[in-house]
Amino acid sequence: MHYVSTRGHSGRKQFCEILLEGLAQDGGLYVPESYPRVDSATLKAWRSLPYPILAFEILSLYVSDIPPADLKAICEKTYTPEIFGSPDIAPLRKLETGLYLQQLSNGPTLAFKDMAMQLLGNLLEYELARRHEDLNILGATSGDTGSAAEYAMRGKKGVRVFMLSPHGRMSAFQQAQMFSLQDDNIHNIAIDGVFDDCQDIVKRVSGDLEFKRRYNIGAVNSINWARLVAQVVYYFSGFLQASEGTSEGVSFAVPSGNFGNICAGHVARMMGLPISRLVLATNENDVLDEFFRTGVYRVRSRADTLETSSPSMDISKASNLERFIFDLLGRDANRTKSLFDDQLRERASFDLSGDPSFAKAATRFGFRSGKSTHAERLATIRDTWGRHGTMIDPHTADGVKVGRMHVSPETPMIVLETALPIKFAATIREALGREPDRPQRFAGIEELPKRVRVLPADAEAVKNYIADIVHGS
Ligand SMILES: *Cc1c(COP(=O)(O)O)cnc(C)c1O
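Cut-offs and rules
- Residues numbered from 1 in each chain as written.
- Predicted model: local features only at pLDDT ≥ 70, side-chain atom pairs only at ≥ 80, totals over all residues.
- Heavy atoms only, no water.
- Helix = DSSP H or I, 4+ residues; strand = E, 2+ residues; numbered from the N terminus.
- Rg over C-alpha atoms; globule rule 2.2 N^0.38 Å.
- Buried < 20%, exposed > 50% of the residue type's maximum accessible area, 1.4 Å probe, protein only.
- Contact = heavy atoms within 4.5 Å.
- Areas by Shrake-Rupley, 256 points an atom, 1.4 Å probe, with all protein chains shown as cover.
- Lys, Arg positive; Asp, Glu negative; His and termini not counted.
- Charge placed at Lys NZ, Arg CZ, Asp CG, Glu CD.
- Pairing = 2+ DSSP bridges.
- Axes fitted to C-alpha atoms, helices over the stretch in contact; angles between N-to-C directions.
- Near = heavy atom within 4 Å.
- Polar contact = N/O pair within 3.5 Å; in protein donor to acceptor, adjacent residues only side chain to side chain.
- Nonpolar A, V, L, I, M, F, W, Y, C, P; charged D, E, K, R; others polar.
- Salt bridge = Lys/Arg side-chain N within 4 Å of Asp/Glu carboxyl O.
- Disulfide = S-S within 2.5 Å.
- Phe/Tyr/Trp six-rings, centres within 6.5 Å; stacked < 30°, edge-to-face > 60°.
- Lys NZ or Arg CZ within 6 Å of the ring centre and 35° of its normal.

### Structural notes on the overall build of the chain
For the chain, the count of helices and strands is 20 helices and 15 strands. Radius of gyration (C-alpha) of the chain: 21 Å, near the 23 Å computed for a compact globule of 473 residues. Taking all 473 residues of the chain together, 58% fall into the buried category. Long-range pairs, those at least 24 residues apart, make up 75% of the contacts in the chain between residues at least 6 apart in sequence. Total accessible area on the chain is roughly 18600 Å²; 49% of this is exposed by carbon and sulfur atoms. One way to put it: in the chain the 55 positive side-chain charges average out to a point 2 Å from where the 58 negative ones average out.

So this is what it looks like as structure tokens:
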């Protein structure tokens, strides 16, 4: 299996080569040269597989530069009941006839990002050891990504994490999750500023190519292909659980921000998984809902990006969308480049409404979309608690709300749970007038000693800090 850029750069790369790379050289995203197809006999044979072996089978289709025995060992080490809370790893829970919740948030940081990041941590450690290299991961987080990355990389040989977060702006629980880590290779940096300042600093530090090379600076952000392919696995698992012996299709409803999670659903569908609809749910930041409704993709400015009660979906542009558009345009790299490079740079938008390919987003690729507002989010949390005794987090609530809009009687709708409610206690209190449930292992986490360095919103200060740590160890 080789990977190519959505913008046409001709270098074909292997899985482990792009593992440590972000964008392709031409600014595009890596995609597989073609999608491997899984036929119904294979799907049937996969029905009885435990999750780690299912993961191994699917990854094997995409990874040809890790010996199978090693890849299998990596999958078995990653997807354990100790790390993910149950032997099923990603179990389904029925909410009502035709509507299921797939539980993806029982990993170390209680958000679905663990499903991919835990695997990435083990893949990185393996590959860095093989190359005798080390890596300094630099990232910015407003919550879920940073903690998932830190819990995946803690104690890993060859890896350090430098994670920037806006000082005092994450929830108390999220701060405690990150800052209580005492591992030597994890470095929390609280920036005097907002999330955008953190992102700017990451861009500036990574944009200093001399510094980047000298200190082996890398990223594990949402465009990383390995994360995406790890997410493909739970779509297969969800289908196999919901379809119980029949080969009828299922639909998925997916709370979306950067289009990473639902892009994995698109890949699963391209592989032949019988997915009827891929329902994309946004919050008030409805860049993606607008695109799937109208064909107009309009990147928002900072001023037009709202702070909502499902904050992990507060995005101004969707970094993975380019992968889908590439397929939508029949894999025309020149057109993809012209849309994402020229048009977005010039006018921060592109318009496919008049293009015959746009209709295929719904007909051929199964996409539907919708948006959910604060009031709807609260009502959905209340309703799901009241009628089903299930407490859901604000992001998952957006998925349930929009999923219901697109439910059809013959087809099970699986809503992907993206976090547990404890991470967003204030909104749960507002919706239900009570505290969210707290898993036992997080009792008193806010009281633990914190390991964090506060720095000004200044790229030079962050560079100096990284250099000091690297030279000191
Ligand atoms: C990251 C995240 C999302 C958005 O996922 P994308 O892959 O960016 O679309 C939604 N909900 C939660 C809780 C998240 O952490």
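So that's the structure; there's more coming.
### Digging into the sheet that holds strand β5 (residues 135-140)
Across the sheet, which stays open at both edges, the 5 strands sit in the order β8-β5-β6-β7-β15 with parallel pairing between neighbours. The open sheet has two free edges, formed respectively by β8 (217-218) and β15 (453-456), since each of these has just one partner strand. The pairing of strand β7 (residues 186-192) with β15 spans 4 bridges and is classified as parallel. Its bridge partner being in β15, Ile 189 is matched across the sheet by Arg 453. Along the sheet face, helix α7 (residues 144-153) touches β5, β6 (159-166) and β7 and points at about 160° away from the line of β6. Lying over the sheet, helix α9 (residues 195-207) contacts β5, β6 and β7, oriented at roughly 150° with respect to β5.

### A closer look at the site of the ligand
Every one of the 15 residues lining the ligand counts as a neighbour, but Lys 113, Asp 144, Gly 257, Asn 258 and Asn 261 are closest to it. In the environment of the ligand, an oxygen atom lies 2.8 Å from a nitrogen or oxygen atom belonging to the backbone of Asn 258. One of the backbone N or O atoms of Phe 259 is found 3.2 Å from an oxygen atom in the ligand. Isolated, the ligand exposes 390 Å² of accessible area, and the fraction of that covered by the protein chains is 96%. Grouping the amino acids of the shell around the ligand by side-chain chemistry returns 5 nonpolar, 8 polar and 2 charged.

### Considering unusual backbone geometry
Unusually for a residue other than glycine, Leu 110 sits at a positive phi of about 65°. Despite not being glycine, His 132 has its phi angle at roughly 55°, a positive value. Along the chain, the position of His 132 falls in the loop between α6 (113-131) and β5.

### Looking at the pattern of salt bridges
It is possible for side chains of opposite charge to pair when their charged atoms get near one another. Inspection of every chain in the model, using the stated rule, returns 33 salt bridges. As a salt-bridge pair, Asp 327 and Arg 331 come within 2.9 Å of each other at their nearest N and O atoms. Between Glu 446 and Arg 438 there is a salt bridge, and its shortest N-O distance comes to 2.8 Å. A relative accessible area of 34% places Arg 438 in the partly exposed class. The network of salt bridges with common partners includes Asp 286, Glu 290, Arg 298, Arg 300 and Lys 371.

### So, the state of the cysteines
Under the defined criterion, the tally for this structure stands at 0 disulfides. Free of any disulfide, Cys 75 has its nearest neighbouring cysteine sulfur in Cys 16, separated by 12 Å. Its sulfur unpaired, Cys 263 is 20 Å from the next cysteine sulfur, which belongs to Cys 75.

### Overview of the packing of aromatic side chains
Taken as a whole and judged by the stated rule, the model has 25 aromatic pairs. One aromatic cluster is present, formed by Phe 259, Phe 291, Phe 292, Tyr 297, Phe 324, Phe 340, Phe 350, Phe 358, Phe 365 and Phe 367 through successive ring pairs. Taking NZ or CZ as reference, Lys 463 lies 5.8 Å from the ring centre of Phe 211, over its face.

### What about the sheet that holds strand β3 (residues 92-96)?
If you walk across this open sheet you meet the 6 strands as β3-β4-β14-β9-β10-β13, and the pairing is mixed. Each edge of the sheet is formed by a strand with only one pairing partner; in this case those strands are β3 and β13 (367-371). Each strand of the sheet is rotated relative to its neighbour by a mean of 25°, with strand direction disregarded. Both strand β4 (residues 99-102) and strand β14 (residues 413-416) contribute to a ladder of 4 bridges, which runs parallel. Residue Leu 101 lies in a different strand from β14, and its bridge partner there is Val 415.

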